[in-house]
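Take a look at the letters that make up each chain.
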Amino acid sequence: MDSAVDTRTISLTVNGKAYSKAVSVRMTLADFLRHELRLTGTHVGCEHGVCGACTILFDGMSARSCLMLAVQANGHELTTVEGLANGDEMHPLQQALSEHHGLQCGFCTPGMLTTLVELLRDNPSPSADDVRIAISGNLCRCTGYEGIISATLDAAEKMRAGGVK
Amino acid sequence: MIAPVDTRIVGHSVERLEDRALLMGQARFVDDIAFPGMLHIAFVRSPHAHALINSIDKSAALDMPGVHAVLTMDDIAPLLADRLLKVALPSPAYRQELHRPVLADKEVVHVGEAIAAVIAESRYVAEDAAALVFVDFDTLPVANDCRDAMAPDAPRAHHGAPHNIAAEFDMGYGDCVSAFAGAAHVLKETYWQHRGVAQSMECRGVVANLDPMSDVLTLWSSTQTPHAGKRVLCGLLGRDEDKMRVITPDVGGGFGPKLVFYPEEAIVALAAQMLQAPVKWIEDRREHFVATTQERDQYWDMEIAVDAQGKILGLRGLLIHDHGAYTARGVNIAYGSAAAITLPYVVPNYFLDIKLVATNKVSVTPIRGAGQPQAVFVMERLLDRVARELKIDRAEVRRRNLVPGAAMPYKTPLKTRGGMQVVLDSGDYPATQKAALDAAGWEDFKIRQNDARAQGRYIGIGVANYVEGTGRGPFEPVSVRVAENGRIHVASGAAAMGQSTKTMLAQVVAEQLGCDMSNIVVVAGDTGAIELGMGGFNSRQAVMAGSSAHAAALKIRKKILLVASHMLNVGEQALEIEGRVVRLKGGGAQVELAEIAKAVAGLPGYYIPGNVEPGLQATEHVIINDMTYANGTCAVEVEVDVETGLVTVARVVFAHDCGKMLHPKIVEGQIIGGIAHGLGNALFEWMAYDENAQPVSNTLAEYLLITATEMPPPVEFVHLESPSPLNELGIKGVGESGVIPMTAAVASAIEDALAPFNVNITKVPLSPPDIIALIDAATRKGA
Ligand code: FES
Ligand code: FES
């Protein structure tokens, strides 16, 4: 609740599900997803656009939800980390991150995943350097990135072989 | 080098228990916790590094709609047993008491110190209102640089203090005076490693809720030490132990500072109690820069004495340690530095004078490595100097001085902070160094270097040795219980913050109880699940909690087999636990763990099979007072662009010995993460303060963490495995290893790359402008 400012009702789709909700005009998109929709998989690490933990897919494009307002999402389609798996079956990238120990505390992981899902969609055969550049705006204090990079290359290969989009 | 593994779970890189929830976005971090009617806190913090508080006017904030309360010391003091957080570890070295107040009310001593807590219906409103709390300050002169602050007439960090010495002590043995007097060579230098910020990707956070039915106040905190937190809170708030519970939920990285108890934890708990409502505070990144403890600023004035062959005769000097504004933990970092510097080497005479100096900066407590990276930086820099002066190969100087493998266990003359003798328990340091050098191609590097130089490229190789004290005792309890549905529940105070503690405990337990990881549920860091606990720090989880888990699992295993043998009417030796059943080896009759658990839970009027004590539960606190010492050698290759000063880390080779590895992939992950942190300390991370101790790197755009594009190609590992004799599993800790030798190895490599300019590196981090300045200075001197 935020009684200091106006509210607007917004309609949007998140992970394929339609929502319509009144929100305060100053609420960030990250807060809206986390605290209003209770999709707490999207994390907030800096609230100033540098760490990348809050990255979501906004109409398919990676975007920092801490730098957007919820009202800007009106009429748009979003994907968060909760929307990547196929039911209980993990996305190949999720599976590969686990196999390559590409996560420790897992706090940066949702932002890494959304960023890399976009990469693999746009570039199904990335080089290690492509992956490094793709996640150069996502900070991880635990892993030194190594496992994330090898997991992405592995997932890309499996996705190519399996014809997964 | 690595013994073949005859275990099925322990020693294997099994799937981590933690991964699935984290990957699916279903983990529960502290900010994911929500209650209906939850209120939110924003803190009013000091904008000044040092000032007196004349008055605090909260009326405008209180008038704001949506604000429930504004708390200052006046409001909370009547409800607290103490206005101060007295959490300092004991030591005779203190020269003054510098406890943090729960909220500052008379004086602020660093930017970011909490003065008031605004509690409102939302974080947004709380922050608006916090801006309306008017604090009238009289600013005071600041103690900014810890060296200057030692001067008798320096401005005091705390108003009216007799001086700025927070603590002082010395450490040493032998006779340095004679050793130096007779030495062939004495070399002198001053070294500096700069302060840094932990920067866990999750900041700190606290949620508190008072349950009106049970009157239990529960605090969820991103703390590494829930049991210690509970103890402090019970004392402060006067609550009975069974009316207070502290839970560590999923934690997004700790790296040290989250082991400290903070004022915010006390305030959130108190606010929930006062307002009878759930209350949340989540630190934002800007607060993390000024309200979460930092570490590493140390200045070392050192002298080393060696004989004509480069053998160390003595080491002596002065360590000036920036203590920050308060004693939030103790003298432990400086102690750790002083006790770490000699460890890999035979140093016959040693004396260090140590001053911990209070400054008007954020309080200093351990960050991953805890004083050891600085000590290794200094020792390794000194040895590079020796090599250069005596014209001996850098690795050869080290080889001549390393503690020989045959000397293990090696009794050093040093004592731990608890007064126990430091005994290097195992390992072969020269063999470790050799392994690293062989893998790195040390011998042939000169050729590559000359070729590169002929093309105008400056490449260099560096080396550093470390010995890490791990497994801080005395114990970490673990309880193991088989529930009546056959599930195995493991509980420990060993809080998890990303280092796979749950997986580690599950592995150790599963190995004895059926080898089914999916049948094990771990609670790590909940005072409601286990009575005693220390928490996560000092690379101690696997050593301490792992040993207790092993002991508890063995006890239960024995009982399960005994009961099953009665139930199945066969000898225990004929039985094995496989998955969720006990069965005859090779198949045949079997009984489920669930049935055994039910049987030992007892039925009124019937015998318990085997006449055992009721219940299938064991809690063990294996006591290990002596620390176990891990060791390693890191070789780093760099290329330096002498036009721009840019350093590219081309290669990292890491040979190490952490005893038996419970999970090789996790071990490597811990080390790579530490290496990334250490590279940041060597090249990027700069916590900038201006001359008024005003922090000026306050965002992640200004304070640079290493990103994927600066990381070297995959780290090349050599794993050596000398089991520690101090615990049954033969393990040594590893959580901090990666970070410890990095600044030393990188400095060594850069100096080597720039050898044609003859630069002398004495500080880290080294930014591109620093590199250019080094080249310029050396060129001017040479000209
Ligand atoms: S929280 Fe959005 S970039 Fe850090
Ligand atoms: S796994 Fe902890 S920040 Fe990336």
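Worth saying up front: this structure is predicted, and the values here are computed from it rather than measured.

Student: Tell me about the interface of chain A and chain B, and name the residues and values.
Tutor: On the side of chain B, 60 residues touch chain A, which itself brings 51 residues to the contact. Between chain A and chain B, a total of about 4,500 Å² is buried, with carbon and sulfur atoms accounting for 55% of that surface. Here chain A and chain B share four salt bridges between them. Here A:Arg26 ties to B:Asp128 by a salt bridge, and the two come within 2.9 Å at their closest N and O atoms. Joining chain A to chain B, the criterion identifies 26 residue pairs in polar contact (both at pLDDT 80 or more). Those elements that provide at least two residues to the side of chain A that touches chain B are α1 (29-36), α2 (92-99), α3 (109-122) and α4 (128-134) of chain A.

Student: Explain helix α13 (residues 442-454) of chain B residue by residue, including any values.
Tutor: Residues and elements named next belong to chain B. The terminal C-alpha atoms of α13 lie 19 Å apart, and with 13 residues this matches the ideal 18 Å at 1.5 Å per residue to within 8%. Buried within α13 are the following residues: Trp442, Phe445, Gln449 and Ala452. Take α13 and look down its axis: the buried residues cluster within an arc of 65°, on one side only. Within α13, the exposed residues directed more than 90 degrees away from the buried face are Glu443, Ile447 and Ala454. Elements that come into contact with the buried residues of α13 comprise α11 (394-401), α12 (429-440), β22 (458-470), β30 (628-640) and α18 (742-753).

Student: Explain the domain arrangement of chain A to me, and be specific about the residues and the numbers.
Tutor: Interface size, as often reported, equals the accessible area lost upon joining of the parts. All names here are of chain A. Domain boundaries assigned for chain A yield domain 1 (7-83) and domain 2 (92-160). One C-alpha centre belongs to domain 1, the other to domain 2; they are set 22 Å apart. Contacts between domain 1 and domain 2 engage 18 residues on the former and 14 residues on the latter. Buried surface at the junction of domain 1 and domain 2, both sides included, amounts to about 1,100 Å², of which 55% is carbon and sulfur. When residues of domain 1 are sorted by the area they lose upon contact with domain 2, His43, Leu57 and Val81 head the list and together hold 35% of the total. Applying the counting rule to domain 1 against domain 2 returns zero salt bridges. The tally of links between domain 1 and domain 2 comes to seven residue pairs in polar contact (both at pLDDT 80 or more). When residues of the side of domain 1 that touches domain 2 are traced back to their parent elements, those giving at least two are β3 (55-58) and β4 (61-64). Residues of the side of domain 1 that touches domain 2, tallied by class, amount to eight nonpolar, nine polar and one charged.

Cut-off values and rules
Residues numbered from 1 in each chain as written. Chains lettered and ligands numbered in written order. Predicted model: local features only at pLDDT ≥ 70, side-chain atom pairs only at ≥ 80, totals over all residues. Heavy atoms only, no water. Contact = heavy atoms within 4.5 Å. Buried area = accessible area lost by both parts, 1.4 Å probe. Salt bridge = Lys/Arg side-chain N within 4 Å of Asp/Glu carboxyl O. Polar contact = N/O pair within 3.5 Å; in protein donor to acceptor, adjacent residues only side chain to side chain. Helix = DSSP H or I, 4+ residues; strand = E, 2+ residues; numbered from the N terminus. Expected span 1.5 Å × (residues − 1). Buried < 20%, exposed > 50% of the residue type's maximum accessible area, 1.4 Å probe, protein only. Arc of directions from axis to C-beta. Domains from an automatic or database assignment. Nonpolar A, V, L, I, M, F, W, Y, C, P; charged D, E, K, R; others polar.

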